[in-house]
Amino acid sequence: MKEWYDAIKEAQSVEKLEEIRISVFGKKGVLAEKFAKMKNASDEEKAQIAKNLNTHKSSLMNEFTAKKITLQTLQLQEALKAEYIDVSLYGSKSSAGALHPVMETMDRIVEYFSAMNFAVKTGTMVEDDFNNFEALNLPKYHPARDMQDTFYFRDEMLLRTHTSPVQIRTMMSTKPPIRMIAPGAVFRRDYDLTHTPMFHQVEGLLVDEEGKVSFANLKYILEDFLKYMFGDVEVRFRPSFFPFTEPSAEVDISCVFCKGSGCRVCSKTGWLEVLGCGIVDSNVFEAVKYENVSGYAFGLGVERFAMLIHQIGDLRSLFEGDIKLLEQFQ
Ligand code: PHE
């Protein structure tokens, strides 16, 4: 048996030791073999041999266990040395993400109107003709449909061209009064410096009893909102047209770049258009079967707000995912 004690003592690796374990203690190992041979011996001898073999077995096992711990410890120490990481070294530069300027702007808009008790509603991006046009006083072949270059699917389905259909959906499913905004993506067939096929709008709608909602209410909240978003700007309302509001207005702020003295961005006018709004047209209320109510509505483009707030020249750059641009908004 001495050779096996030596073998254990001399083993240089955990793998080698494992080989020895199998040779000694395994099913076909030395000990098993010696125990098997014992059956030919006389009973007295058997007891003696068994005792002897069992002694060897347990002391070999002790040697083996001790050696295994030594080898494993060594192996671990070597691994620790080889895989050492100096945590005090400078790492390679990693860049932190940030909210996209469009989403950040959207959050601020939502924050303002939430504080004013407007509920946040969402609709669907794939809409039908009724919600996107018909119920908004835009019957088929109405020339104003041309204002919105629509992406159509088969069966009169389309990608919503504005968030106004959320007004309709909300009124169809809720009784007045209503005080809501609808932030979300909208789609139009357009692509240039100031237009992308997908952009974001926030719609606003307030409905209450007949005679309770006036243009003055609308004017007040939009002025307050625009000052919240742009700081100390002047606000003016210009008569305009939307099929779903009457009267309608477009809202301008004094140019945030030149403070109203006239520059390239405001085309020397000193004003920037930022919103569409008006008093909800009675045809819209008729379409959703509301009676004896009055209301105002408004809609704005979030990208336009973001561009003016952050002085971004090309709208398309907001959608390129350029880390150099996005890093500036941390
Ligand atoms: N839906 C209009 C647009 O996309 C904006 C708007 C909304 C105007 C509500 C008036 C009232 O241009």
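Residues numbered from 1 in each chain as written. Predicted model: local features only at pLDDT ≥ 70, side-chain atom pairs only at ≥ 80, totals over all residues. Heavy atoms only, no water.

Here we look at the overall build of the chain
Put simply, the test is: Helix and strand definitions here come from DSSP, where helices need a minimum of 4 consecutive H or I residues and strands a minimum of 2 consecutive E residues; each element is numbered from the N-terminal end. Radius of gyration means the value over C-alpha atoms here, while the globule rule gives 2.2 Å times the residue count to the 0.38 power. Any residue under 20% of the maximum accessible area for its type is buried, any over 50% is exposed, and the rest in between are partly exposed; the area is computed with a 1.4 Å probe on protein chains only. It only takes one pair of heavy atoms within 4.5 Å for two residues to be counted as in contact. Note that accessible areas follow from Shrake-Rupley with a 1.4 Å probe, and for residues the cover is restricted to the protein chains shown. Charged residues are defined narrowly, with Lys and Arg counted positive, Asp and Glu counted negative, and His plus the chain ends left uncounted. The location of each charge is read from NZ of Lys, CZ of Arg, CG of Asp or CD of Glu.
Looking only at helices and strands, the chain has 11 helices and nine strands in total. Here the C-alpha atoms of the chain give a radius of gyration of 40 Å, more than 25% beyond the 20 Å that 2.2 N^0.38 yields for 330 residues. When each of the 330 residues of the chain is scored for burial, the buried share is 41%. For the chain, contacts bridging at least 24 residues in sequence account for 66% of all contacts bridging at least 6. Carbon and sulfur atoms make up 53% of the accessible area of the chain, which totals about 19,500 Å². The distance from the centre of the 39 positive side-chain charges to the centre of the 47 negative ones in the chain is 9 Å.

Observations concerning helix α10 (residues 302–310)
Among the residues of α10, those classed as buried are Val302, Glu303, Phe305, Ala306, Met307 and Leu308. Buried residues belonging to α10 abut α5 (101–115), β5 (198–209), α8 (215–230), β8 (271–280) and β9 (293–301). In the segment just after α10, glutamine 311 is the residue with positive phi, at about 55 degrees.

Examining the site of the ligand
Cut-off, in case you're wondering: Any residue with at least one heavy atom within 4 Å of a molecule or strand is counted as near it. Pairs of N or O atoms within 3.5 Å make up the polar contacts considered here, provided that, within protein, one atom can donate a hydrogen while the other can accept it, and that residues adjacent in sequence are counted only when both atoms are side-chain atoms.
Every one of the 13 residues lining the ligand counts as a neighbour, but His162, Ser164, Arg188, Gln201 and Glu203 are closest to it. Serine 164 has a polar side-chain atom sitting 2.9 Å from a nitrogen atom of the ligand. At 3.0 Å, a side-chain N or O of glutamine 201 approaches an oxygen atom of the ligand. Expressed as a share of its isolated accessible area of 330 Å², the protein-covered part of the ligand is 92%. Looking at the shell around the ligand, the elements with two or more residues in it are β5, β8 and β9. Here the element with the most residues in the shell around the ligand is β9; it accounts for three residues.

Let's talk about helix α7 (residues 164–173)
Summarising burial for α7: seven of the 10 residues are buried, a large majority. What α7 keeps buried is the set Ser164, Pro165, Val166, Gln167, Ile168, Thr170 and Met171. Packed against the buried residues of α7 are β2 (126–128), α6 (129–132), β4 (178–187), β5, α9 (282–287) and β9.

Structural notes on the domain arrangement of the chain
Accessible area lost during the coming together of the parts is what is often quoted as the interface size. Selection criterion: Throughout, the edges of the domains are those of an automatic or database domain assignment.
Structurally, the chain comprises domain 1 (2–82) and domain 2 (101–124 + 163–329). Using C-alpha coordinates to define each centre, domain 1 is positioned 83 Å away from domain 2.

Considerations on the pairing of β4
Here is the rule: Here the rule is simple: two strands pair whenever DSSP picks up at least two bridges between them.
The buried count for β4 comes to nine of 10 residues, which makes it a mostly enclosed element. Relative to β4, strand β1 (residues 119–120) is paired through two bridges, and the arrangement is parallel. By the bridge assignment, alanine 119 is partnered in β4 with methionine 180.

Comments concerning the packing of α5 against α10
Note the threshold: Geometry is summarised by axes, namely lines fitted to C-alpha atoms with helices restricted to the contacting stretch, and by angles between N-to-C directions that run from 0 to 180 degrees. Any angle that is under 35 degrees is reported as roughly parallel, and any over 145 degrees as roughly antiparallel; angles of 65 to 115 degrees are reported as roughly perpendicular and all others as oblique.
At a minimum axis separation of 9 Å, α5 and α10 run at an interaxial angle of 100 degrees. Accordingly, the angle class assigned to the pair α5 and α10 is roughly perpendicular. Of the residues in α10, those touching α5 at Pro101, Val102, Glu104, Thr105, Met106, Arg108 and Ile109 are Val302, Glu303, Phe305, Ala306, Ile309 and His310.

Structural notes on unusual backbone geometry
Each neighbour pair has its own omega, and for proline 176 with proline 177 the value is 0 degrees, a cis peptide bond. Mapping proline 177 onto the fold places it in the loop between α7 and β4. Despite not being glycine, tyrosine 141 shows a phi value in the positive range, around 70 degrees. Here tyrosine 141 shows up in the loop between α6 and β3 (157–159). On the accessibility criterion, tyrosine 141 (78% relative accessible area) is exposed. Backbone geometry places aspartate 155, a non-glycine residue, at a positive phi of 60 degrees. On the secondary structure map, aspartate 155 appears in the loop between α6 and β3.

Topic: the pattern of salt bridges
Two side chains of opposite charge can pair, provided their charged atoms sit close to one another. Spelled out, the test is: The rule for a salt bridge is simple: a side-chain nitrogen of Lys or Arg has to be within 4 Å of a carboxyl oxygen of Asp or Glu.
Applying the stated rule across the entire model yields 11 salt bridges. Of the charged contacts, one joins lysine 37 and glutamate 33 as a salt bridge, the two residues approaching to 4.0 Å between their closest N and O atoms. In this pair, lysine 37 and glutamate 33 both sit in helix α3 (residues 30–37), four residues apart, roughly one turn of the helix. Overall, lysine 37 belongs to the exposed group, its relative accessible area being 57%. Measuring nitrogen to oxygen at the nearest pair gives 4.0 Å for the salt bridge that ties lysine 46 to aspartate 43.

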